[in-house]
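Architecture at a glance
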Amino acid sequence: MAQTRIAVVIGSLRKDSINKKLATALAALGPQDFSFEHIRIDDLPLYNQDEEKQPAESVKRLKSEISASQGVIFVTPEYNRSIPGVLKNAIDHASRPYGQSAWAGKPAGVIGCSGGAIGTALAQQHLRNICAYLDMPTLQQPEAFIQFKEGLVDEKGNVTVEATKQFLQKWMDAYVGWVKRFAK
Ligand SMILES: Cc1cc2nc3c(=O)[nH]c(=O)nc-3n(C[C@H](O)[C@H](O)[C@H](O)COP(=O)(O)O)c2cc1C
């Protein structure tokens with residue numbers, strides 16, 4: 001069965017990241033012919049335009065992984081009402097050099113969780129602006145602002161709250177349909 005590859009970019013480097021847990025749980029809700037690969041961003045240098053012509057190996061790897069995917073899911077925390085710097089750094093790297101962005105045309109899903117009630121809504125709105133500029137067609141609905149309570153995802157990556165599981169399944173089904181609309 002031909003696999004549709006989805007790059008999953010998580011905006012947290014934290015070992016016990018709740019967004020990483022959410023990303024793992026989401027992947028389990030995807031169909032068999034979709035694969036979900038967590039993209040490494042913790043070894044990227046800080047973006048410096050002087051180095052664009054001699055990119056680090058990690059930057060080349062990031063760009064080739066995004067280029068080889070048929071879609072991208074961003075799973076991100078909210079930092080100070082926006083996206084974390086580590087995520088913006090990765091986005092900037094793979095968007096350059098000018099005219100050679102790896103993001104262009106990749107159907108995107110935006111989701112995230114926090115302990116707070118607004119569940120990353122403001123970070124996601126900022127990220128949607130960035131995706132628009134990067135020419136990434138981005139799933140609009142359903143929006144998913146997940147308030148993460150202790151134990152929401154168990155050690156095996158299963159969502160333990162049935163209503164949340166059903167909601168995330170709907171989100172994943174919508175995202176899969178969205179990716180298929182752009183399949184070449
Ligand atoms: C620098 C920093 C800024 C934060 N700002 C926000 C914020 O604006 N909104 C929010 O809901 N949580 C905020 N938080 C709390 C995060 O939601 C919380 O640390 C969460 O666990 C981060 O996600 P992670 O577990 O995937 O790393 C902030 C945390 C840090 C470290």
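Anyway, here's the lowdown on the structure attached to this text. None of these values were measured; they are calculated from a predicted model.

A few points about the overall build of the chain
On a plain count of helices and strands, the chain comes out with five helices and five strands. Overall, the chain shows an N-to-C arrangement of helices and strands of β-α-β-α-β-α-β-α-β-α. What you see for the chain is a C-alpha radius of gyration of 16 Å, in line with the 16 Å of a compact globule of 184 residues. Taking the principal axes of the C-alpha coordinates as reference, the chain spans close to 50 × 40 × 30 Å. A burial count over the chain gives 45% of its 184 residues as buried. A sequence separation of at least 24 residues applies to 77% of the contacts in the chain between residues at least 6 apart. In the chain, the 22 positive side-chain charges and the 19 negative ones have mean positions that sit 3 Å from each other.

Remarks on helix α4 (residues 121-133)
For an α-helix, 3.6 residues make a turn, and residues three or four places apart therefore share a direction. A rise of 1.5 Å per residue sets the reference length of α4, with its 13 residues, at 18 Å; its end C-alpha atoms lie 19 Å apart and thus fit the reference within 8%. Every buried residue of α4 is listed here: Ala-123, Gln-124, Leu-127, Arg-128, Ile-130 and Cys-131. Looking down the long axis of α4, one finds its buried residues gathered within 165 degrees of arc, a one-sided arrangement. With respect to the buried face of α4, the exposed residues turned more than 90 degrees away are Asn-129, Ala-132 and Tyr-133. Its buried side turned inward, α4 meets β3 (71-75), α3 (85-94), β4 (108-114) and β5 (145-147). One or two residues past the end of α4 sits Asp-135, with phi positive at roughly 65 degrees.

A short note on the packing of aromatic side chains
Summed over the entire model, instances satisfying the criterion amount to four aromatic pairs. A centroid spacing of 6.4 Å and a plane angle of 35 degrees characterise the contact between Phe-34 and Phe-36, whose relative ring orientation is tilted. Ring centres of Trp-178 and Phe-182 lie 5.1 Å apart, and the angle between their planes is 65 degrees; on these two criteria the pair is classed as edge-to-face. The class for Phe-182 is partly exposed, based on a relative accessible area of 32%.

Thoughts on the sheet that holds β5
With respect to topology, five strands assemble into an open sheet ordered β2-β1-β3-β4-β5, the strand pairing being parallel. The two strands at the open ends of the sheet, each matched to only one other strand, are β2 (34-38) and β5. Within the sheet, the average angular offset between the axes of one strand and its neighbour, ignoring direction, is 25 degrees. By the bridge criterion, five bridges tie strand β1 (residues 4-10) to β3 in an arrangement that is parallel. Looking at the pairing, Ala-7 lines up with Val-72 of β3.

Considerations on the nonpolar core
The biggest cluster of nonpolar side chains holds 28 residues, and the ones touching the most others in it are Ile-73, Val-75, Ile-111, Leu-168, Trp-171 and Tyr-175. Counting only elements with at least two residues in this core, the list comes to β1, α1 (18-27), β2, β3, β4 and α5 (162-181). Per element, the largest residue contribution to this core is seven residues, and it comes from α5. Apart from the residues within four sequence positions on either side, Val-75 is in contact with Val-8, Val-9, Ile-10, Gly-11, Asn-19, Leu-22, Ala-23 and Ile-111. In terms of nonpolar packing, the next biggest core, distinct from the first, is built from 25 residues, Leu-87, Val-110, Leu-127 and Met-136 among them.

Rules used in this analysis
Note that residues are indexed from 1 along each chain, following the sequence as it is written. Reporting of local features is limited, given that this is a predicted model, to residues whose pLDDT is at least 70; pairs of side-chain atoms are given and counted only at 80 or more, and all residues count toward the totals for whole chains, interfaces and linings. Heavy atoms from the whole structure form the basis of all side-chain values; hydrogens and water molecules are not counted. Strands are runs of DSSP state E lasting at least 2 residues, helices are runs of H or I lasting at least 4, and numbering of each runs from the N terminus. Within these notes, the globule rule equals 2.2 Å times the number of residues to the 0.38 power, and the radius of gyration is based on C-alpha atoms. Accessible area is worked out with a 1.4 Å probe on protein chains only. A residue is then buried under 20% of its type maximum, exposed over 50%, and partly exposed in between. Contacts were defined at the residue level, with two residues in contact if any of their heavy atoms lie within 4.5 Å. All tallies of charge rest on Lys and Arg as positive and Asp and Glu as negative; His and the ends of each chain are not included. Positions of charges follow a simple convention, taking NZ of Lys, CZ of Arg, CG of Asp or CD of Glu. Multiply 1.5 Å by the residue count of a helix minus one, and that product is the helix's expected span. The directions considered for the arc run from the helix axis to the C-beta atoms. Side-chain rings of Phe, Tyr and Trp, where Trp is taken by its six-membered ring, are said to pair if the distance between their centres is within 6.5 Å; with planes under 30 degrees apart they count as stacked, over 60 as edge-to-face, and otherwise as tilted. Pairs of strands are assigned from DSSP output, requiring at least two bridges between the strands. Note on geometry: axes are lines fitted to C-alpha atoms, helical ones only across the stretch in contact, with angles between N-to-C directions running from 0 to 180 degrees. By convention a nonpolar core is built from buried Ala, Val, Leu, Ile, Met, Phe, Trp, Tyr and Cys residues, the set being connected through side-chain atoms within 4.5 Å.

Purely geometric stuff here, so don't read any function into it on its own.
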